[in-house]
Amino acid sequence: MRRALLIIAALIGGVLGYGYWHHSTHATLSMSVRDGSQPKQYRPLPRVQLRLLDAHGRELAQAASGDEGFVALSAPPQFDCRNVERAATRSAEGRAGWQRCFAAQSRFISGWAERLDAADVAVGNCRLRTKLRVARAPDDWWLWWVPLPHVGGKPYRYYSMALTVDAADCSAVSSR
């Protein structure tokens, strides 16, 4: 009986230990840049370039949005998963490539997301630097093993930042 309890305790410790390790070494960052020219409407701002900076002005990464306004990492190039993501819809090999890219990207983001402080924003002729507030989702890494569709899966740290820019005035309206 004691041996069985020790085995169960070791299994639980191993599962929770793996979850904590994965949560500590992998993260995602959701980014959005909104068009502030019409404050009552939410519209993503297309064709934005961002240099993501720490508090000392050192570049951590770059991000960009295309015509649709979806913001994604664009540099360093080995962590830009946009092209790989497009291929993921066409084949199992493409999905495997996307999973590899996402795994590398999540480890990369984990190394600097806590230090993200500001962004250099470029949209059209507008260039500005603005402070950012990065939100971190509550930690629930210990639930990673729960076999439910909306709970469980490998645990990540989740960060998000939203920025509103009025490109006509070349000003940051707000950030959160």
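These numbers were taken from a predicted model, which means no experiment stands behind them.

> Help me understand the overall build of the protein chain in this model?
Of regular secondary structure, the protein chain possesses three helices and nine strands. For the protein chain, the spread of C-alpha atoms along the principal axes amounts to about 70 × 35 × 35 Å. Out of the 176 residues in the protein chain, the part that is buried amounts to 39%. Looking at the protein chain alone, contacts between residues at least 24 apart form 56% of all its contacts between residues at least 6 apart. For the protein chain, the accessible surface area stands at approximately 10,800 Å², while carbon and sulfur atoms represent 57% of it. Here the protein chain contributes 23 positive and 15 negative side-chain charges, whose respective centroids are spaced 6 Å apart.

> What am I meant to see in helix H1 (residues 2–25) here?
Because each turn of an α-helix spans 3.6 residues, side chains separated by three or four positions end up pointing in the same direction. Here H1 contains 24 residues, and its C-alpha end-to-end distance of 34 Å stays within 8% of the 34 Å for a straight helix at 1.5 Å per residue. Along H1, the positions that sit buried rather than exposed are Gly19, His22 and His23. The inward-facing, buried residues of H1 contact strand S7 (135–136) and strand S8 (157–166).

> Looking at this model, I keep getting lost on the confidence of the model for the protein chain. Mind explaining?
Any residue range with low pLDDT should be treated as having predicted coordinates unsuitable for detailed reading. Across the protein chain, the average pLDDT comes to 90, with 93% of residues at 70 or higher. When the elements of the protein chain are averaged for pLDDT, strand S9 (residues 171–175) gives the smallest value, 73, and strand S2 (residues 48–53) the largest, 98.

> Teacher, can you tell me more about the sheet that holds strand S5 (residues 118–123) here?
Judged by pairing direction, the sheet is antiparallel, and its five strands sit side by side in the order S4-S3-S2-S5-S6 without closing on themselves. Of all strands in the sheet, those bounded by a partner on one side alone are strand S4 (71–75) and strand S6 (126–131). Direction aside, neighbouring strands of the sheet carry axes that sit 25° apart on average.

> Can you help me understand the state of the cysteines in this one?
One way to say it: the disulfide is the covalent bond shared by the sulfur atoms of two cysteines. Following the criterion strictly, the structure yields two disulfides and no others. A sulfur-sulfur distance of 2.0 Å marks the disulfide that ties Cys81 to Cys101. What sets the handedness of the Cys81 and Cys101 disulfide is the S-S torsion sign, and at about -95° it is left-handed. Here Cys81, found in the loop between S4 and helix H2 (82–88), pairs with Cys101, found in helix H3 (residues 92–110); they are 20 residues apart in sequence, far enough to count as distant. Both residues of the pair, Cys81 and Cys101, belong to the buried class. Each sulfur in the disulfide pair Cys126 and Cys170 lies 2.3 Å from the other. Across the S-S bond linking Cys126 and Cys170, the dihedral sits near 90°, which makes this disulfide right-handed. Within this pair, whereas Cys126 is found in strand S6, its partner Cys170 is found in the loop between S8 and S9, the two being separated by 44 residues in sequence. Ordering the disulfide-forming cysteines of the protein chain by sequence position, one finds them joined as 1-2, 3-4.

> Looking at this model, I keep getting lost on the pattern of salt bridges. Mind explaining?
Oppositely charged side chains may form a pair once their charged atoms are brought near each other. Per the counting criterion, the structure on display carries nine salt bridges. Among the ionic pairs, Asp67 bridges to Arg47, the shortest N-O distance being 2.8 Å. Here Asp67 is found in the loop between strand S3 (59–65) and S4, whereas its partner Arg47 is found in the loop between strand S1 (27–35) and S2, with 20 residues between them in sequence. Looking at Arg47, the relative accessible area reads 52%, which means it is exposed. The partner of Arg51 in a salt bridge is Glu59, and the shortest N-O contact between them spans 2.6 Å.

What counts and how
- All residue numbers refer to position in the chain's written sequence, counted from 1.
- Local features in this predicted model are restricted to residues of pLDDT 70 or higher, and side-chain atom pairs are both shown and tallied only at a pLDDT of 80 or more, whereas totals for entire chains, interfaces and linings draw on every residue.
- By convention in this description, side-chain values take in all heavy atoms of the structure and omit both hydrogens and water.
- Runs of H or I in DSSP of at least four residues are treated as helices and runs of E of at least two as strands, each being numbered from the N terminus.
- With a 1.4 Å probe rolled over the protein chains alone, any residue whose accessible area is under 20% of its type maximum counts as buried; one over 50% counts as exposed, and the rest are partly exposed.
- Only heavy atoms matter for contacts: two residues are in contact if any of them lie within 4.5 Å across the pair.
- Under the convention used here, a 1.4 Å probe and the Shrake-Rupley method define accessible areas, while residue burial counts only the protein chains that appear.
- By the counting rule applied here, Lys and Arg register as positive and Asp and Glu as negative, while His and the ends of each chain are not counted.
- Taken as the charge location is NZ of Lys, CZ of Arg, CG of Asp or CD of Glu.
- To estimate how far a helix should reach, multiply one less than its number of residues by 1.5 Å.
- On a range of 0 to 100, pLDDT expresses the predictor's confidence in each residue.
- A pair of strands is treated as paired once DSSP finds two or more bridges between them.
- Only the stretch in contact is used when a helix axis is fitted, and all axes are lines through C-alpha atoms; the angle between N-to-C directions ranges over 0 to 180 degrees.
- Counting rule for disulfides: a pair of cysteine sulfur atoms within 2.5 Å.
- Basic side-chain nitrogens of Lys or Arg form a salt bridge, by our definition, when they fall within 4 Å of a carboxyl oxygen of Asp or Glu.

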